[in-house]
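Residue-level structural notes
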Amino acid sequence: MSAACVVPATIAHEIHGEWIASSAAFARLGAEWSGLFQRANQDNVFLTFEWLFTWWKHFGKGQLAVIAVRDQTARLVAVAPFYIARSLAGMGARRLGFLADEHVGSDYLNILADPAFEDLAVHEIVRTLFAHQRLWDYIELRDTAESPLAAAFSVGLESRGLCASHATRRVCHYIPLPPTFEKFLAGLSTSLRCNYKRRWRILQREHQAECLTVSSAAGIERHFPSLIALHRMRFEQRSEESAFLAPGVPEFHAEAMRALASQGMARLILLQAGGETVSAIYGFSVGKTFQFYQCGMHTGWMRQGVGQVLIGHAIEQALTAGHTTFDFLRGDESYKRQWAEQWREIVTLRFFDHRPASVMAHGRLRATAAVRGAARQFRALIRSRAGRLISPPHPEKLSA
């Protein structure tokens, strides 16, 4: 869809966008949303009704602004999962963004649309947004997928006079899975392949280790505290804070996992050795993709490579389940790069117009970004200088 694209009136009136601002009306979309999700062939848990509605219950603030697009038969053909809230970074301006774009690390946020109605739906969503322009000052689409649908939506906004700016980009590593686990292992580096096999053999032989995949709501509820405990243990050892343990976040996940388990999507993968759970992975089986969301490991078992072993097992289970992609989601951690050679980006886009509140928000956000960028460069410089100060002397100087 291009900026010059015009949807004929005879076609445009076949669909209609509804602005949903109440939690009760949002809740009533549940069954229809799930049907649309299936028709859209989505492999992304972050666009499910269960994830987004649970987030609104736990973290929702401001005003709902979900746009539901229906065809002539009143069937749901697209949803734009938006909300509006005051932005402190934007001098209190009213920011319109995607639901679940804070606190819980949602990736690939986007509009959800039936493929047969994408162009029409984008046109109607843009029209509905501007029919309610008095309610928002600027648009910020955080962590959105770079996709044809997102591109068409951006073009639609710019065609209405909004100016776009890129705020951030994040890396998501992923593995296109081959037909068999043996073929996957053959494509790994020699050291990773040998370490994985050796550590798994030792854990089985010396500690009667086994890996379990839990998908039922009851099983997930029973084992979820183990994931939390292992994740906390690892971060306490590193003297770091984890957003996964922030106030309200574990409670959100406990409820979201139950809802997603009822749809067959939630997974806990556990490595048990020596009579205890020593490593755990929390993820989602969605369509042809396994999404690796979070993990935890017992610090007393790290030398046995329990994290590496469990990731390898999770990849094997994904292949067994018929998945074609193993997605590590956001983050450039070294262990992700060790397993996955390919990556894609998620991007945050902002759109502003010429209204005073929008102009002021744009200026404030640019200034804040500049300050943060300078602070990052300063910290990098300090680390670099500190590294040079503590680095060992050159061998030639030692022999002089």
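All of the points below concern the structure found in this document.

Conventions and cut-offs
Residues numbered from 1 in each chain as written. Predicted model: local features only at pLDDT ≥ 70, side-chain atom pairs only at ≥ 80, totals over all residues. Heavy atoms only, no water. Helix = DSSP H or I, 4+ residues; strand = E, 2+ residues; numbered from the N terminus. Contact = heavy atoms within 4.5 Å. Buried < 20%, exposed > 50% of the residue type's maximum accessible area, 1.4 Å probe, protein only. Polar contact = N/O pair within 3.5 Å; in protein donor to acceptor, adjacent residues only side chain to side chain. Salt bridge = Lys/Arg side-chain N within 4 Å of Asp/Glu carboxyl O.

Some details on the environment of His 103
Assignment of secondary structure puts His 103 in the loop between strand E6 (93-98) and strand E7 (112-113). Separated by 48 residues in the primary sequence, His 103 and Trp 55 have C-alpha atoms spaced 9.1 Å apart. Apart from residues lying up to four places away in sequence, His 103 is in contact with Trp 55, Phe 59, Ala 243 and Val 249.

Structural notes on the side chain of His 173
Structurally, the position occupied by His 173 is in strand E9 (residues 163-176). Its relative accessible area of 4% is what places His 173 among the buried residues. For His 173, the side chain forms a polar contact with the side chain of Asp 332, separated by 2.6 Å.

A look at the pattern of salt bridges
Taken as a whole and assessed by the stated rule, the structure comprises 27 salt bridges. Of the charged contacts in the structure, one is a salt bridge between Arg 70 and Glu 18, with a shortest N-O distance of 4.0 Å. Note that Arg 70 is positioned in strand E3 (residues 66-70) and Glu 18 in strand E1 (residues 16-20), a separation of 52 residues in sequence. For Glu 18, a relative accessible area of 35% gives the class partly exposed. Arg 127 is the salt-bridge partner of Glu 124, the closest N and O atoms lying 2.8 Å from each other. Highlighted residues: Glu 124 and Arg 127, both in helix H5 (residues 118-131), separated by three residues, approximately one helical turn. Overall, the relative accessible area of 4% leaves Glu 124 in the buried class. Connected via shared salt-bridge partners are Lys 61, Arg 95, Asp 101, Glu 102, Glu 140, Arg 142 and Arg 350.

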